[in-house]
Amino acid sequence: MSNELKTQVVVLGGGPGGYSAAFRAADLGLEVTLVESRETLGGVCLNVGCIPSKALLHVAKVIDDAAEMSSHGVTFGAPKIDLDEVRSWKDSVVGQLTGGLDGMAKMRKVKVVSGYGKFTGSNTLDVEGADGKTTITFDNAIIAAGSKPVNLPFIPEDDRVIDSTGALELKDVPEKLLVLGGGIIGLEMGTVYRALGSAIDVVEFADQLVPAADKDIIKIYQKHVKDKFNVMLSTKVTGVEAKDDGLYVTFEGKNAPAEPVRYDKVLVAVGRTPNGNMLDADKAGVNIDERGFINVDKQLRTNVEHIFAIGDLVGQPMLAHKAVHEGHVAAEVISGQKHYFDPKCIPSIAYTDPEIAWAGVTEKEAKEQGLSIETAVFPWAASGRAIASSRTEGSTKLIFDKESGRIIGGAMIGINAGEMLGEIGLGIEMGADGEDLALTIHAHPTLNESIGLAAEIFEGSITDLP
Ligand code: FAD
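This structure is a prediction, so every number in the text was calculated from the model and none was measured.

Engineer: Explain the site of the ligand to me, using residue names and the numbers behind them.
Structural biologist: For the ligand, the set of nearby residues contains 38 residues, the closest of which are E36, K54, G117, D312 and A320. One nitrogen or oxygen atom from the main chain of M318 is found 3.2 Å from an oxygen atom belonging to the ligand. L319 places a polar main-chain atom, nitrogen or oxygen, 3.2 Å from an oxygen atom of the ligand. Isolated, the ligand exposes 990 Å² of accessible area, and the fraction of that covered by the protein chains is 95%. Listing elements by their share of the shell around the ligand, those giving two or more residues are α1 (16-27), β2 (32-36), α2 (43-48), α3 (50-68), β4 (116-121) and α8 (320-334). With four residues, α2 is the single largest residue contributor to the shell around the ligand. Here the shell around the ligand is built from residues that sort into 17 nonpolar, 16 polar and five charged.

Engineer: Can you tell me about the packing of aromatic side chains, naming the residues and giving the values?
Structural biologist: What describes a pair of aromatic rings is the distance from one ring centre to the other and the angle between the planes of the rings. Scanning the entire structure with this criterion turns up four aromatic pairs. Centre to centre, the rings of F251 and Y263 are 6.5 Å apart; their planes meet at 75°, and the pair counts as edge-to-face. Taken together, the residues F251 in strand β13 (residues 246-253) and Y263 in strand β14 (residues 261-263) connect sequence positions twelve residues apart. Neither residue differs from the other here; F251 and Y263 are each classed as buried. Between F400 and F458, the ring centres sit 3.7 Å apart and the planes meet at 10°, which makes this aromatic pair stacked. Highlighted residues: F400 in strand β21 (residues 395-401) and F458 in helix α13 (residues 449-459), separated in sequence by 58 residues. The aromatic ring of Y263 is capped on one face by K176, whose charged end is 4.8 Å from the ring centroid. In this arrangement the basic side chain of K243 is found over the ring face of Y248, its NZ or CZ atom lying 4.5 Å from the centre.

Engineer: Describe the pairing of strand β22 (residues 407-414), and please don't skip the residues or the numbers.
Structural biologist: The two faces of the sheet receive side chains in turn, since in a regular strand these alternate between them. Counting buried positions along β22 gives seven out of eight residues, so the element sits mostly inside the fold. Summarising the sheet, β21 and β22 pair through six bridges and their orientation is antiparallel. Opposite S395, over in β22, you have I413 as the bridge partner. In textbook terms, the turn of a hairpin is the stretch between consecutive antiparallel strands, and for β21 and β22 this stretch comprises five residues, one of which, G405, has a positive phi near 75°.

Engineer: Can you lay out the nonpolar core for me, pointing to particular residues and giving the numbers?
Structural biologist: With 35 residues, the main nonpolar core has Y193, L209, V210, Y221, L267 and I356 as its most contacted residues. By size, the runner-up hydrophobic cluster in this structure holds 28 residues, among which are A22, F23, V32 and I142.

So, how was this worked out
Sequence positions are assigned chain by chain, starting from 1 and proceeding in written order. Totals for whole chains, interfaces and linings use all residues, but because this is a predicted model, local features are given only for residues with pLDDT of at least 70 and pairs of side-chain atoms are given and counted only at 80 or more. To obtain the side-chain values, all non-hydrogen atoms of the structure were used and water was disregarded. A cutoff of 4 Å decides nearness: a residue is near a molecule or strand if any of its heavy atoms lies inside that distance of it. A 3.5 Å cut-off defines polar contacts: any pair of N or O atoms within that distance qualifies, except that in protein one atom must be a possible hydrogen donor and the other a possible acceptor, and neighbouring residues in sequence count only when both atoms are side-chain atoms. For the accessible areas, the method is Shrake-Rupley and the probe is 1.4 Å, while residue cover comes only from the protein chains on display. Numbering of helices and strands starts at the N terminus; helices are DSSP runs of H or I of at least 4 residues and strands are runs of E of at least 2. Each residue is assigned to one class: nonpolar for Ala, Val, Leu, Ile, Met, Phe, Trp, Tyr, Cys and Pro, charged for Asp, Glu, Lys and Arg, and polar for all the others, Gly among them. Each Phe, Tyr or Trp ring, with Trp reduced to its six-membered ring, pairs with another whose centre is within 6.5 Å; inter-plane angles below 30 degrees give stacked pairs, above 60 give edge-to-face pairs, and intermediate values give tilted ones. Only protein chains enter the accessibility calculation, which uses a 1.4 Å probe; a residue is then buried when its area is under 20% of its type maximum, exposed when over 50%, and partly exposed in between. Put simply, a charge is over a ring when the Lys NZ or the Arg CZ is close to the ring centre, within 6 Å, and near the line of the ring normal, within 35 degrees. Strand pairing is defined by DSSP finding a minimum of two bridges between the two strands. Each nonpolar core is a collection of buried residues, namely Ala, Val, Leu, Ile, Met, Phe, Trp, Tyr and Cys, held together in the definition by side-chain atoms within 4.5 Å.

Below you can see the structure in the form of structure tokens.
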């Protein structure tokens, strides 16, 4: 069966970027068609990314917190884990959110077309779905087709080699799991599997975990997890041999074991690659670079006037909140508004234990860019709330422009660091200086008091920290 439809705006991809763009365009009075090849809206983030990983991290945190209580006089005993129940709870969280999106699309009269879309010309797109082919003629398009995990060519295809999507399926809890890649996704999944009972090795090519974050922050993380993960830094995997009794992994580098090591499963988490090359976007005249990214200007416009692109496939950082804001801007520009995407900061968070969170420039970036900065650090060992929670490993660092005294970056490590990062982001966006932050009364005893206290250190009003 072949269908034809005309629309003012077609959005290709129903992830955070795509559905946000579609909903904003519809709210602005445009007629919108949203094309998605998955059975549910929500993209990677809701289906196999941000949300299921956080549901499982919640389970991991409760297990860890319960275990820790034994040193405070409360013993719960060993957890009994019913993996089927954990999985179905995680799936129900995902279902609640993806189902909600269906309702929101209907409410806004966004037409959702199910199937895989490819451009056939500058104003046409064909969608192949279960109901046959739909040819869509559009005035404007927003490409929001996202990204997929990077595969390593030397790793064999084997059920025991998984990516983040496989890890989130939670088929079993391997006795010994290698996390290949010490970035955010690898560490979050490692946190989940360790709490469920796996012994975890993490191998990272760089000389620190989460290479994008500042070393002083990551050192705290590495110290905190040293008894939980066996971390091999400055080391790479050179081969994986699949045998009946396990996966034998060969390493090379500073901390490489001399002999191949046997694992029950290997989780490959070495980054994501854009889906730009899979859309025949060249048939619409859209330029795609050799890695599959689509270049856009500040209005998210590609080299073709009426075609926009957003989210993971326009570049780093590959984060849902970046995609959402880009989606809004693209929709607003199409509706005739003069908006553009130019944030002062895009926050990054690893929802590990402890959490690692940063926004604005890192100290590393400030050095590379030759910026003149001053930093102020408040160690959580001096925070009443951290002590009362027996989580004093945390730290809050603010980075100020030396001349203006304005905050241009900040990082936090510790429990709930991600929730508190918003204040630093707001300060950066609003051009707040140290005094603004120091004079803002933060409630006591809270962990985010540490932001005000770090600002007081910068202002010189605290000098006698323990
Ligand atoms: P996607 O979410 O990738 O959506 C693109 C959609 O387009 C997909 O549904 C795909 O099926 C569809 N599509 C692609 N091509 C076509 C086509 N030709 N036709 C029809 N449909 C098509 N980010 C955060 O900000 N916070 C987190 O905590 C976080 N955790 C993560 C955890 C994991 C395990 C992973 C893998 C990612 C995580 N991310 C997180 C990243 C986040 O998921 C992505 O940045 C975000 O989903 C990107 O949104 P997007 O709209 O660009 O694309």
